[in-house]
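This is what each chain is made of:
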Amino acid sequence: MSNQDADEYGQAFSQAVASELRAERARKQKTVASIAEATGLSKSAVLHYLNGKRGIPTSAFALICRAMAVSPLLIFERAEEHLEDEGWANA
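What you see is a predicted model, and the numbers here were worked out from it, not measured in a lab.

K.L.:
Help me get a handle on a negative patch on the surface, residues and values and all.
P.N.:
Where like charges cluster on the molecular surface, the negative patch consists of Glu77, Glu81, Glu84, Asp85 and Glu86. When you line up the elements, glutamate 84 lands in helix α5 (residues 72-85).

This is the structure in structure tokens:
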């Protein structure tokens, strides 16, 4: 995999993770404010992470998953499945 391909895959994976976090937030009916309060992150940071406008640091990702009572591994697995559906299999 070339560096460009790796960068593209990394960006696509980050977007898929953000998408899965948004979907989980909807499933759990959590507000951005409640996630921000539970994590200690600002509402704007949570919004940026969930909307894929900013990469999610590992620590923030773990806190957001914890606030939504979802396994980080499950979010990653769902994100990977999403990418496979888009043709990123064996990337």
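Let's pick the thread back up.
K.L.:
Explain the nonpolar core residue by residue, including any values.
P.N.:
As a rule of thumb, nonpolar side chains are buried together in soluble globular proteins. Formed by 23 residues in total, the largest nonpolar core has its most connected members in Val17, Leu21 and Ile75. At the level of secondary structure, the elements contributing two or more residues to this core comprise α1 (3-28), α2 (32-39), α3 (43-50), α4 (58-67) and α5. The leading source of residues in this core is α1, at 6 residues. Valine 17 has contacts with Ile56, Phe61, Ile75, Phe76 and Ala79, leaving out every residue within four places of it along the chain.

K.L.:
Describe α3, listing the residues and the values that go with them.
P.N.:
Note that an α-helix has 3.6 residues per turn; residues three or four places apart therefore point the same way. Taken residue by residue, α3 has Ala45, Val46, Tyr49 and Leu50 as its buried positions. Mapping the buried residues of α3 onto a view down its axis gives an arc of 130°, with all of them on the same face. Note on α3: the residue one or two positions beyond its end, glycine 52, has a positive phi of about 70°.

K.L.:
Explain α2 residue by residue, including any values.
P.N.:
Looking only at α2, the buried set comprises Val32, Ile35, Ala36 and Thr39. One side of α2 holds all its buried residues, which, seen down the axis, span an arc of 100°. Exposed and facing more than 90 degrees away from the buried side of α2 are Glu37 and Ala38. Following α2 by one or two positions, glycine 40 adopts a phi angle in the positive range, close to 85°.

K.L.:
So what's going on with the environment of serine 71? Residues and values would help.
P.N.:
For serine 71, the position within the fold is in the loop between α4 and α5. You can call serine 71 partly exposed: its relative accessible area is 35%. Between the C-alpha atoms of serine 71 and arginine 25, which are 46 residues apart in sequence, the distance is 13 Å. In terms of polar contacts, serine 71 uses its side chain to reach the backbone amide nitrogen of leucine 73, at 3.1 Å.

K.L.:
Break down the environment of methionine 68 for me, citing the residues and quoting the values.
P.N.:
Mapping methionine 68 onto the fold places it in the loop between α4 and α5. On the accessibility criterion, methionine 68 (1% relative accessible area) is buried. Apart from residues no more than four positions distant in its own chain, methionine 68 is found in contact with Leu21, Glu24, Arg25, Lys28, Lys30 and Ile35.

Rules used throughout
- Residues numbered from 1 in each chain as written.
- Predicted model: local features only at pLDDT ≥ 70, side-chain atom pairs only at ≥ 80, totals over all residues.
- Heavy atoms only, no water.
- Patch = residues over 30% accessible without salt bridge, like charges linked within 9 Å, V, L, I, M, F, W, Y side chains within 5 Å.
- Areas by Shrake-Rupley, 256 points an atom, 1.4 Å probe, with all protein chains shown as cover.
- Salt bridge = Lys/Arg side-chain N within 4 Å of Asp/Glu carboxyl O.
- Lys, Arg positive; Asp, Glu negative; His and termini not counted.
- Charge placed at Lys NZ, Arg CZ, Asp CG, Glu CD.
- Helix = DSSP H or I, 4+ residues; strand = E, 2+ residues; numbered from the N terminus.
- Core = buried A, V, L, I, M, F, W, Y, C linked by side-chain atoms within 4.5 Å.
- Buried < 20%, exposed > 50% of the residue type's maximum accessible area, 1.4 Å probe, protein only.
- Contact = heavy atoms within 4.5 Å.
- Arc of directions from axis to C-beta.
- Polar contact = N/O pair within 3.5 Å; in protein donor to acceptor, adjacent residues only side chain to side chain.

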